[in-house]
Amino acid sequence: MRTLLLIALGGGLGSVFRYLTTLFINKHSQLFFPYATFVANIFGCFLIGLFLGWLEKNNITNPDLKFFLVTGFCGGYTTFSTFSNENVSLLQANQTGTAFLYIGLSVILGLAATWGGLMVSKL
């Protein structure tokens, strides 16, 4: 039960930060590209790498922190279902190029951000 509460608390906080990210990005960007979801997913990838690297570097084996930060917070913050829906909408609107750009950049930069987070955590 403790694990579920930690995941729920982290997920709730991640969801709130995801919403705040959306408000901030949408306030500063009105272009065709779904920047808010893109930024949340790439930053979330960076955070998951950073958190996992930090836990490893500091030899923190307590699973509670991993459940809270990785499963909960990062799980609540990132938005793969929204990412999928936005791409379907782009494809239905015949914006194939934008959809494939979004998919490609999200995958490549997401992997790079996770790797970057791991590297930063080792400094």
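Since this is a predicted model, take the numbers as computed values, not measurements. (Residues numbered from 1 in each chain as written. Predicted model: local features only at pLDDT ≥ 70, side-chain atom pairs only at ≥ 80, totals over all residues. Heavy atoms only, no water.)

Chemist: Would you mind showing me how to read the overall build of the chain here?
Modeler: Per the secondary structure count, the chain includes five helices and zero strands. Listing each helix as α and each strand as β along the chain from the N terminus yields α-α-α-α-α. Split into buried and exposed, the 123 residues of the chain put 34% on the buried side. Pairs at least 24 apart in sequence give 71% of the contacts found in the chain among residues at least 6 apart. Just so you have it, the chain exposes about 7,500 Å², and 71% of that area is on carbon and sulfur atoms. (Helix = DSSP H or I, 4+ residues; strand = E, 2+ residues; numbered from the N terminus. Buried < 20%, exposed > 50% of the residue type's maximum accessible area, 1.4 Å probe, protein only. Contact = heavy atoms within 4.5 Å. Areas by Shrake-Rupley, 256 points an atom, 1.4 Å probe, with all protein chains shown as cover.)

Chemist: How do you make sense of the packing of aromatic side chains when you look at a structure like this?
Modeler: Two aromatic rings are characterised by how far apart their centres lie and by the angle between their planes. Summed over all chains, the structure comprises 11 aromatic pairs. Their ring planes at 80° and their centres at 5.4 Å tell us that Phe-33 and Phe-38 sit as a pair that is edge-to-face. The pair formed by Phe-33 and Phe-38 is uniform in burial state, with each residue classed as buried. (Phe/Tyr/Trp six-rings, centres within 6.5 Å; stacked < 30°, edge-to-face > 60°.)

Chemist: Looking at this model, I keep getting lost on the pattern of salt bridges. Mind explaining?
Modeler: Side-chain pairs of opposite charge can arise whenever the charged atoms involved come near each other. What the rule picks out here adds up to one salt bridge. A salt bridge links Asp-64 to Arg-2, with the shortest nitrogen-to-oxygen separation between them at 2.8 Å. On the criterion of sequence distance, the pair formed by Asp-64 in helix 3 (residues 63–77) and Arg-2 in helix 1 (residues 2–28) is long-range, its members being 62 residues apart. Since its relative accessible area comes to 58%, Arg-2 is described here as exposed. (Salt bridge = Lys/Arg side-chain N within 4 Å of Asp/Glu carboxyl O.)

Chemist: Would you explain the layout of surface pockets in this entry?
Modeler: Left-over empty space is what a probe sized like a water molecule reveals as it rolls over the atoms. Taken as a whole, the largest pocket encloses approximately 200 Å³ of empty space. Together, 13 residues line the largest pocket, and Asn-41, Cys-45, Thr-78, Phe-80 and Ser-106 are the ones closest to its centre. The element best represented in the lining of the largest pocket is helix 2 (residues 35–57), accounting for five residues. For the lining of the largest pocket, the class distribution of residues is seven nonpolar, six polar and no charged. (1 Å grid on protein atoms, 1.4 Å probe; cavity = no way out; pocket = protein on both sides within 12 Å on 5 of 7 lines; lining within 4 Å. Points joined across faces, edges and corners; volume = space filled by probe spheres on them. Nonpolar A, V, L, I, M, F, W, Y, C, P; charged D, E, K, R; others polar.)

Chemist: Would you take a moment to explain unusual backbone geometry for this structure?
Modeler: If a residue is not glycine, its phi is most likely negative; likewise, a peptide bond is most likely trans. Residue Asn-59 is not a glycine yet carries a positive backbone phi of 50°. With respect to the helices and strands, the residue Asn-59 is situated in the loop between helix 2 and helix 3. Even without glycine at this site, Asn-94 takes up a positive phi of about 60°. With respect to the secondary-structure elements, Asn-94 resides in the loop between helix 4 (80–92) and helix 5 (96–121). Judged by relative accessible area, which is 68%, Asn-94 ranks as exposed.

Geometric values such as these leave the question of function open.
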